[in-house]
Amino acid sequence: MARVLRMPEVAAGAIQAILQGWSVAAGVPFGKGEVIATVETDKAVVEVEAEEAGVLLRTLVEDGATVEVGAPIAVLGTPGEPPDTPVPDIPETQNIPKDQNVPPVQDVAVRALPDDPPAAGELPVPGQAAAGRTRERIFTSPLARRLAKEAGLRVEDIPGSGPNGRVVRRDVEAAVAASVKAVQTPAEIPQTPAYTEIPHTPMRRAIAARLTESKRTAPHFYVRGTARADALLAMRAQLNQGGGPRVSVNDLIVKAAAHTHVRVPAMNVTWTDTAVRAHTQVDIAVAVATPGGLLTPVLRAVERAPVSLVATTLREYGERARTGRLRQDELEGGTLTVTNLGMHGTEEFAAIVNPPQAAILAVGAARQAPVVQDGAVVAATVLSVTLSVDHRPVDGVVAAEWLRVFLSLLENPLAILA
């Protein structure tokens, strides 16, 4: 019996989401638990799994459409059911074409071809027969479709270099570069345009809203410190001589922050309207730069995880963040964020607290500097950090004690591995 598939509430409190694409084709049966669609929130791409076995009869909204939570997005049925099976509770406002019996395959765009008659055995596209135009399928990856939309380009106009002419990420990037180069005045001598406008993406809007809310509602204060990092770098080099996962300085910093939270539990808190919530395990978010903006996936129970697991998990999160494959639950929670610009040569900076977390640790580059040791000036490797703190749940003396313990761990790094 045919039934309506509605847009799920993929994130707590969400009122709408973007239908990125379908993972199944019309008429192909799927099993319980199989992914049938991908839905994009403001920070992640979420896979929608089938609650029971069935078949996709037809779609009700186009790929890339923004849909309210609870609105119909497709018609599902049992295997073998005809695609035009009536479903009485589809609202008329969906405006589904009456002749839409076969939905488009996942990640397929259509490109108009002027003045070409349909090939033998090919059905004309509804609404185009009178104009003598046909359409061809243009296969795209979900990431390429999203990047094209963010750049204001039609994926149908982008030539594909993937298998079977599939439009992939590099094709979109090349098209963006070509479009920027082509922007010039009508004069014979090309001129650089005064500016270009990049439309706000849902992720960029979400980042702007959250950080504006944080600076407006959370009273920030900052504590800064510098540690000698020679022992830390030497320990990292020893760890990487083995055959296990390669460990970065950032992996060790995340572990050190987790151990510091255990020793200073008053920092392992979040602020709510009714209470300060003290957490029993240390969950730490790590900032990851992506083409669309900054994401902060959360590592759970870091204080109990070996550094090799931290390194492996952070690497996996980074890869999935940059390809839009993080789940919404992997972006929620945590009491502290670690953000590191040291690999870009930044020596010191201050970051904005990510609510409802209590603090964010900004890590600069390890660098050579003169230090005083036993009354003499010697060269050493130093690393500077800035802890931005929400003053509502955390007082200054607590933050100062946290920073003291953290810097001590960096200078005596064997304790990080405990």
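Just so we're clear, the structure is a prediction, and the values are computed from it rather than from any experiment.

**Q** Help me understand the overall build of the chain in this model?
**A** Counting its regular elements, the chain contains seven helices and 21 strands. Out of the 418 residues in the chain, the part that is buried amounts to 46%. Contacts spanning at least 24 positions in sequence make up 63% of the contacts within the chain whose residues lie at least 6 apart. Carbon and sulfur atoms provide 55% of the accessible area of the chain, an area that totals close to 21900 Å².

**Q** Is there a simple way to explain the environment of A44 in this structure?
**A** With respect to the secondary-structure elements, A44 resides in the loop between β4 (35-40) and β5 (45-49). Its relative accessible area of 4% is what places A44 among the buried residues. Through-space distance from the C-alpha of A44 to that of Q328 is 5.9 Å; in sequence the pair is 284 residues apart.

**Q** What is the right way to read helix α3 (residues 202-217) from this model?
**A** Because the α-helix completes a turn every 3.6 residues, residues three or four places apart line up on one side. Taking 1.5 Å per residue as the helical rise, α3 with its 16 residues ought to reach 22 Å, and the 22 Å between its terminal C-alpha atoms agrees with that figure. Of the residues making up α3, those classed as buried are M203, A206, I207 and S214. Around the axis of α3, the buried residues are gathered within 100 degrees of arc, so they sit on the same side. Away from the buried face of α3 by more than 90 degrees, exposed residues R205 and R216 are located.

**Q** Can you help me understand the environment of G333 in this one?
**A** For G333, the location among the structural elements is in the loop between α6 (307-322) and β18 (336-340). Once the C-alpha coordinates of G333 and V298 are considered, the two residues, 35 residues apart in sequence, prove to be 6.8 Å apart. If sequence neighbours within four positions are ignored, G333 has contacts with V298, R300 and Q357.

**Q** What should I look at first to understand the sheet that holds strand β6 (residues 54-59) in this one?
**A** Consider a sheet: its strands pair through backbone hydrogen bonds, and that pairing is either parallel or antiparallel. Spatially, the four strands line up as an open sheet ordered β1-β8-β6-β3, and their pairing is antiparallel. One side of each edge strand has no neighbouring strand; the edge strands of this open sheet are β1 (3-6) and β3 (29-30). In this structure, β6 lies alongside strand β8 (residues 72-77), joined through four bridges in antiparallel fashion. From the neighbouring strand, V55 faces β8, where its bridge partner is G77.

**Q** Just to check I follow, could you spell out the packing of aromatic side chains for this structure?
**A** Pairs of aromatic rings are described using the distance from one ring centre to the other and the angle between the two planes. Per the stated rule, a full pass over the model turns up one aromatic pair. Taking the centre distance of 5.1 Å and the plane angle of 10 degrees together, the rings of W402 and F406 count as stacked. Of this pair, W402 and F406 both sit in helix α7 (residues 396-411), four residues apart, which is roughly one turn of the helix. Here W402 matches F406 in class, with each residue buried.

**Q** What am I meant to see in α7 here?
**A** Given a rise of 1.5 Å per residue, 16 residues ought to cover 22 Å, and the 23 Å separating the end C-alpha atoms of α7 matches this to within 8%. Where α7 is buried, its residues touch β11 (220-228), α4 (230-239), α5 (249-263), β18, β19 (359-363) and β21 (376-390).

**Q** Hey, could you run me through the pattern of salt bridges in this one?
**A** Close approach of charged atoms lets side chains of opposite charge pair. Applying the stated criterion to the full structure yields twelve salt bridges. The salt bridge partner of R154 is D157, with a shortest N-O separation of 2.7 Å. What makes D157 exposed here is its relative accessible area of 52%. For R320, the salt bridge goes to E330, with nearest N and O atoms at 2.8 Å. Here R320, found in helix α6, pairs with E330, found in the loop between α6 and β18; they are ten residues apart in sequence, far enough to count as distant.

**Q** Can you help me understand the sheet that holds strand β2 (residues 16-22) in this one?
**A** Strand order across the open sheet formed by four strands is β5-β4-β2-β7, with antiparallel pairing between neighbours. The sheet is open, and its two borders are formed by β5 and β7 (66-68), each paired with just one other strand. With direction set aside, neighbouring strand axes in the sheet form an average angle of 45 degrees. Pairing of β4 with β5, which is carried by five bridges, proceeds in the antiparallel orientation. Within β5, the position partnered with V39 by the bridge is V46. Contacts between helix α1 (residues 142-150) and the sheet are confined to β2, β4 and β5, with β2 contributing the most and set at about 130 degrees to the helix.

**Q** I'm lost on the nonpolar core in this one. Help?
**A** Looking at soluble globular proteins, one finds that nonpolar side chains tend to be buried together. I253, I284, L336, L361, L387, W402 and F406 are the most contacted members of the largest nonpolar core, which totals 57 residues. Per-element tally for this core: the top contributor is α7, with nine residues. Discounting chain neighbours no more than four positions away, the residues touching F406 are I253, A256, A257, T260, L361 and V385.

**Q** Got a minute to help me understand the side chain of T296 in this structure?
**A** Of note, T296 is situated in the loop between β16 (293-295) and β17 (298-299). Residue T296 is classed as buried on the basis of its relative accessible area of 11%. Among the polar contacts made by the side chain of T296, one reaches the side chain of N354 at a distance of 3.5 Å. Setting aside chain neighbours within four positions, we find T296 in contact with A285, V286, A287, E330, L331, T337 and N354.

**Q** For this particular structure, what's the right way to read the confidence of the model for the chain?
**A** Scored by pLDDT, the chain comes out at a mean of 83, with 83% of its residues at no less than 70. In the predicted structure, residues 92-135 sits below a pLDDT of 50 and forms 76 contacts with residues beyond four places in sequence or in another chain.

**Q** Looking at this structure, I do not really get the environment of V310. What am I missing?
**A** With respect to the helices and strands, V310 occurs in helix α6. Sequence separation between V310 and R300 is ten residues, and the spatial gap between their C-alpha atoms is 9.7 Å. Among all residues touching V310, those that are not within four sequence positions of it are D251, V254, K255, L299, V302 and A305.

**Q** Sorry if this is basic, but what is going on with the side chain of T290 here?
**A** Within the element layout of this structure, T290 appears in strand β15 (residues 288-290). In this structure T290 comes out as buried when scored by relative accessible area, which is 14%. Polar side-chain contacts of T290 include one of 2.5 Å to the backbone oxygen of G293.

Conventions used here
- Residues numbered from 1 in each chain as written.
- Predicted model: local features only at pLDDT ≥ 70, side-chain atom pairs only at ≥ 80, totals over all residues.
- Heavy atoms only, no water.
- Helix = DSSP H or I, 4+ residues; strand = E, 2+ residues; numbered from the N terminus.
- Buried < 20%, exposed > 50% of the residue type's maximum accessible area, 1.4 Å probe, protein only.
- Contact = heavy atoms within 4.5 Å.
- Areas by Shrake-Rupley, 256 points an atom, 1.4 Å probe, with all protein chains shown as cover.
- Expected span 1.5 Å × (residues − 1).
- Arc of directions from axis to C-beta.
- Pairing = 2+ DSSP bridges.
- Phe/Tyr/Trp six-rings, centres within 6.5 Å; stacked < 30°, edge-to-face > 60°.
- Salt bridge = Lys/Arg side-chain N within 4 Å of Asp/Glu carboxyl O.
- Axes fitted to C-alpha atoms, helices over the stretch in contact; angles between N-to-C directions.
- Core = buried A, V, L, I, M, F, W, Y, C linked by side-chain atoms within 4.5 Å.
- Polar contact = N/O pair within 3.5 Å; in protein donor to acceptor, adjacent residues only side chain to side chain.
- pLDDT = per-residue confidence, 0-100.

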